[in-house]
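Close look at the chain arrangement
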Amino acid sequence: MIRDPELINQLVDTISRFVRERLIPNEARLAEEDAVPPEILAEMKEMGLFGLSIPEEYGGLGLTMEEEALVAMEIGKTSPAFRSVFGTNNGIGAQGILIDGTEEQKAKYVPRLATGEILSSFCLTEPDSGSDAASLRTTAVRDGDHYILNGTKRYITNGPEADLFTVMARTDPENKGAGVFLRLLLRAIRPAWCAARRITRWVRKERIPATLF
Ligand SMILES: Cc1cc2nc3c(=O)[nH]c(=O)nc-3n(C[C@H](O)[C@H](O)[C@H](O)COP(=O)(O)OP(=O)(O)OC[C@H]3O[C@@H](n4cnc5c(N)ncnc54)[C@H](O)[C@@H]3O)c2cc1C
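What you see is a predicted model; the values in this text were computed from it and never measured.

Cut-off values and rules
Residues numbered from 1 in each chain as written. Predicted model: local features only at pLDDT ≥ 70, side-chain atom pairs only at ≥ 80, totals over all residues. Heavy atoms only, no water. Helix = DSSP H or I, 4+ residues; strand = E, 2+ residues; numbered from the N terminus. Buried < 20%, exposed > 50% of the residue type's maximum accessible area, 1.4 Å probe, protein only. Contact = heavy atoms within 4.5 Å. Areas by Shrake-Rupley, 256 points an atom, 1.4 Å probe, with all protein chains shown as cover. Axes fitted to C-alpha atoms, helices over the stretch in contact; angles between N-to-C directions. Parallel < 35°, antiparallel > 145°, perpendicular 65-115°, else oblique. Nonpolar A, V, L, I, M, F, W, Y, C, P; charged D, E, K, R; others polar. Expected span 1.5 Å × (residues − 1). Arc of directions from axis to C-beta.

With that out of the way, let us pick up the overall build of the chain. Across its full length, the chain carries seven helices and 10 strands. A total of 213 residues make up the chain; the buried ones form 42% of that total. Look at the contacts in the chain between residues 6 or more apart in sequence, and 66% of them connect residues 24 or more apart. Of the roughly 11,200 Å² of accessible surface on the chain, a fraction of 53% belongs to carbon and sulfur atoms.

Okay, here's the thing in structure tokens:
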């Protein structure tokens, strides 16, 4: 659904110009420096790209699926590594909190995801668990008022840079079924829990996600 065609056309035009004039000319630098240039990151935040699909009440643009698809088609004209940086905050990094988080979690994190102040990651995949997510082995064992988390996550987009991680873990290691998952929300405490191993992240200008231990 497109709510206001004129407004969306303006947004798409702005993003199209940004892609042509700022992102495409910086593709080589992105590959060379293995990072999105800081001034480009600042411009992305300024344009609201970190909150495209986050509801307006949390400071996002609140785009509908169709509106977001139009924006995605413009962003898709340059290296996917640029989109990956703000993609998690709009998608897998924020949606779990919006759908299933407490009001306190939403108020605390979502506005900061929308502005890009914090970066998020979603940790489901493991070395031996991909499509069959129910076979994941990472455990979260209750110890008093906290959990001890143990495992390896692989292919985690924005893993090395993220501040906030949604982590899927098994609360009962003996139970191999799919009904014993817990979704934990973690703030990064580097390097204590998260030693992120960067593998060569830019292959043909694409962003290769990280392994987290
Ligand atoms: C660019 C990128 C970013 C990613 N970012 C994240 C992230 O941020 N967080 C995260 O948790 N994960 C992330 N992933 C991991 C991604 O979700 C997994 O790659 C995906 O779940 C598939 O798992 P796998 O690679 O282990 O493949 P597998 O599950 O081993 O599948 C291999 C092949 O077998 C096929 N297959 C598997 N099971 C069946 C079946 N039952 N029947 C028929 N065919 C089957 C699959 O279709 C596929 O072709 C990312 C992956 C990529 C490539």
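A separate point is the packing of helix 1 (residues 5–23) against helix 3 (residues 38–47). Look at helix 1 against helix 3: their axes get within 12 Å of each other, and the N-to-C directions meet at 175°. Considering their axes alone, helix 1 and helix 3 lie roughly antiparallel with respect to each other. Along its contact with helix 1, which presents Thr14, Ile15, Phe18, Arg22 and Leu23, the element helix 3 presents Glu39, Ile40, Glu43, Met44 and Met47. When its residues are assigned to classes, the contact of helix 1 with helix 3 shows six nonpolar, one polar and three charged.

The next point concerns helix 1. Structurally, the α-helix is built with 3.6 residues per turn, so residues lying three or four positions apart point the same way. Taking 1.5 Å of rise per residue, 19 residues should cover 27 Å, and helix 1 covers 25 Å from first to last C-alpha, within 8% of that figure. For helix 1, the full list of buried residues reads Ile8, Leu11, Val12, Ile15, Ser16, Phe18, Val19 and Leu23. When helix 1 is viewed along its axis, its buried side chains cluster within an angular range of 160° and face the same direction. If you follow the buried residues of helix 1, they end up packed against helix 2 (27–33), helix 3, helix 4 (65–75) and helix 5 (80–90).

Once that is clear, we can look at helix 5. With nine of its 11 residues buried, helix 5 lies for the most part within the structure. Buried residues of helix 5: Ala81, Phe82, Ser84, Val85, Phe86, Gly87, Thr88, Asn89 and Asn90, and no others.

Turning next to unusual backbone geometry. Even without glycine at this site, Asp34 takes up a positive phi of about 60°. Of note, Asp34 is situated in the loop between helix 2 and helix 3. Not every positive phi belongs to a glycine, and Tyr155 is a case in point at roughly 60°. If you trace the backbone, Tyr155 turns up in strand 4 (residues 153–156). Residue Tyr155 is classed as partly exposed on the basis of its relative accessible area of 47%.

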